[in-house]
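For reference, the chains in residue letters:
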Amino acid sequence: MENITKLSKKESKLLYYLSLDGRASLGSLAKNLKMSKQGVKYLLDKLEAKNIIEGYYAIIDIYRLGYQFYRLFLKFQNISSEDEQKILDYAKSLKRVGWIVQFQGEYDIDIVIWSKNIKEFEEVYLHLLEKFSKHIQNRDISVASKIIYYKYRFFGYQGSNKELIMGKSIEDTRLDNIDLNLLALLSKNGRASLVELSKKLGISQKRAWYRKKRLEKSGVILGYNYKLNHKLLGYTHIKIFISMHPFSMESRNQLVYYISQLKEAIYITIPIGQYDLEFEVMVQTNEELHETIDGLREKFSNAIKEISSIIFYYEPKINYLPIFDL
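Rules used in this analysis
- Residues numbered from 1 in each chain as written.
- Predicted model: local features only at pLDDT ≥ 70, side-chain atom pairs only at ≥ 80, totals over all residues.
- Heavy atoms only, no water.
- Helix = DSSP H or I, 4+ residues; strand = E, 2+ residues; numbered from the N terminus.
- Rg over C-alpha atoms; globule rule 2.2 N^0.38 Å.
- Buried < 20%, exposed > 50% of the residue type's maximum accessible area, 1.4 Å probe, protein only.
- Contact = heavy atoms within 4.5 Å.
- Areas by Shrake-Rupley, 256 points an atom, 1.4 Å probe, with all protein chains shown as cover.
- Lys, Arg positive; Asp, Glu negative; His and termini not counted.
- Charge placed at Lys NZ, Arg CZ, Asp CG, Glu CD.
- Polar contact = N/O pair within 3.5 Å; in protein donor to acceptor, adjacent residues only side chain to side chain.
- Axes fitted to C-alpha atoms, helices over the stretch in contact; angles between N-to-C directions.
- Parallel < 35°, antiparallel > 145°, perpendicular 65-115°, else oblique.
- Left-handed = near helix turned anticlockwise from the far one by under 90°.
- Nonpolar A, V, L, I, M, F, W, Y, C, P; charged D, E, K, R; others polar.
- Pairing = 2+ DSSP bridges.
- Core = buried A, V, L, I, M, F, W, Y, C linked by side-chain atoms within 4.5 Å.
- Phe/Tyr/Trp six-rings, centres within 6.5 Å; stacked < 30°, edge-to-face > 60°.

Participant: Lay out the overall build of the chain in plain terms, naming residues and giving numbers.
Facilitator: Looking only at helices and strands, the chain features ten helices and eleven strands. Against the globule reference of 20 Å for 326 residues, the chain gives a C-alpha radius of gyration of 20 Å, in line with a compact fold. Taken along the three principal axes of its C-alpha coordinates, the chain extends 50 × 45 × 45 Å. The buried share of the chain, reckoned over its 326 residues, is 52%. Considering only residue pairs separated by 6 or more positions, the chain has 76% of its internal contacts joining residues 24 or more positions apart. Approximately 16000 Å² of the chain is accessible, and the part contributed by carbon and sulfur atoms is 48%. Each charge sign in the chain was given a centre, from 49 positive and 39 negative side chains, and these centres are 9 Å apart.

Here you go:
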């Protein structure tokens, strides 16, 4: 790889501590890094200036708002770059679409659609098929029933196995416009100050603090993270799909626990669809990926039928709160 940015030990440790705690104060970060607050701020500013940190966002449990992640995985056929761009532009324009990922591998694209029920998903799905079906070779629909987030241990630090779980339950939490606007603001800048939040919401800092704390306590806001430009650091983001045979809840739970201990694991998804389990990793070499997959096959040879993987290539759209966008 060319032009890879090398991190200092302090920088990589800072990125580790910021994962899943992206609003951590300079004081708490300074304590963990055994540095001054001024030193931590300098490192943060440096990582942001180099676009290693591309922004901060609140991890919002959309299931507590009554929504679910419907994923549409597509493989294209007979498609030009111009036609592919038309599909991307159309998907990006849809309000319910919060995330679009382009892959290298079994699928070309994943379109993540926020929906409260199958009818809401079907409306988006059918319109997309009607416009572009001639370019679609294969399509798979999957619903993410649970997503587990892990700290970025791939930086080499194993101090905490902290995890955040999205989708423990589906509710329809009643939020007013202030709450929704606050979520929208934090989804775009998870480190926004109370001064900034209160000014944009038109309320006092005390009320802004109270609203934010209430959303955190209720589990609507699970935590905060940052958008990492992993390519600058020489990492590859890979999604791994597992099919089980025979399927059993006990075996899947054992798989989830095993994966949760892998330093390279950043997400686990419990899906309803073609595959029985999905997880995502950050690796720097093909050898790391092969070791991860070989370890799974050896440990769970009697439970795993098939393992496949795809590479995250580009994310044309990321909106952590598309329905309630300001």
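Participant: Which residues make up the side chain of Lys239, and what are the values?
Facilitator: In this structure, Lys239 sits in strand S8 (residues 236–244). Side chain to side chain, Lys239 and Glu278 meet in a polar contact 2.9 Å long. Residue contacts for Lys239: discarding those within four places in its chain leaves Arg71, Phe73, Thr269, Glu278, Phe279, Glu280, Ser308, Ser309, Ile310 and Phe312.

Participant: Please give an account of the environment of Ile148 that cites residues and values.
Facilitator: Along the chain, Ile148 turns up in strand S5 (residues 136–150). Apart from residues lying up to four places away in sequence, Ile148 is in contact with Glu163, Leu164, Ile165, Val256, Ile266, Tyr267 and Ile268.

Participant: Report on the environment of Lys305, specifying residues and quantitative values.
Facilitator: Along the polypeptide, Lys305 turns up in strand S11 (residues 304–318). Taking the relative accessible area as the measure of exposure, Lys305 reaches 63% and is therefore exposed. The spacing of Lys305 and Met244 is 61 residues in sequence and 4.9 Å in space, taken between C-alpha atoms. The residues contacting Lys305, other than those within four sequence positions of it, are Ser243, Met244 and His245.

Participant: Which residues make up the packing of helix H6 (residues 177–188) against helix H7 (residues 194–201), and what values go with them?
Facilitator: Where H6 contacts H7, the two axes come as close as 10 Å, and the packing angle between them is 135°. Taken together, H6 and H7 sit at an angle that is classed as oblique. Of the two possible hands of crossing, H6 and H7 adopt the one that is right-handed. Contacts from Ile178, Asn181, Leu182, Leu185 and Leu186 in H6 reach Leu197, Lys200 and Leu201 in H7. Classifying every residue of the contact of H6 with H7 gives six nonpolar, one polar and one charged.

Participant: Tell me about the pairing of S11, residues and numbers included.
Facilitator: Relative to S11, strand S3 (residues 97–104) runs antiparallel, the two sharing five bridges. In the strand pairing of S11, Trp99 is matched with Ile318. Pairing between S8 and S11: seven bridges, direction antiparallel. Paired with Ile242 across the bridge in S11 is Ile307.

Participant: Break down the nonpolar core for me, with residues and values.
Facilitator: Grouped together as the largest cluster of nonpolar side chains are 59 residues, with contacts concentrated most on Leu14, Phe69, Phe155 and Tyr226. If one sorts the elements of this core by residue count, strand S1 (residues 53–60) sits on top with six residues. In this view, Tyr226 contacts Leu15, Tyr16, Leu18, Ser19, Ile53, Gly55, Tyr56, Tyr57, Tyr152 and Phe155; residues no more than four positions away in its chain are not counted. One finds Ile240, Leu262, Ile270 and Phe300 within the second-largest nonpolar core, a separate group that totals 24 residues.

Participant: Account for the packing of aromatic side chains, with residues named and values stated.
Facilitator: All told, the structure shown has 23 aromatic pairs when counted by the stated rule. Seen in terms of ring centroids, Tyr70 and Phe121 are 4.9 Å apart; in terms of plane orientation they differ by 15°. Their pairing is stacked. In this pair, Tyr70 sits in strand S2 (residues 68–76) while Phe121 sits in helix H5 (residues 118–132), placing the two residues 51 residues apart along the sequence. When its relative accessible area of 7% is taken as the criterion, Tyr70 is described as buried.

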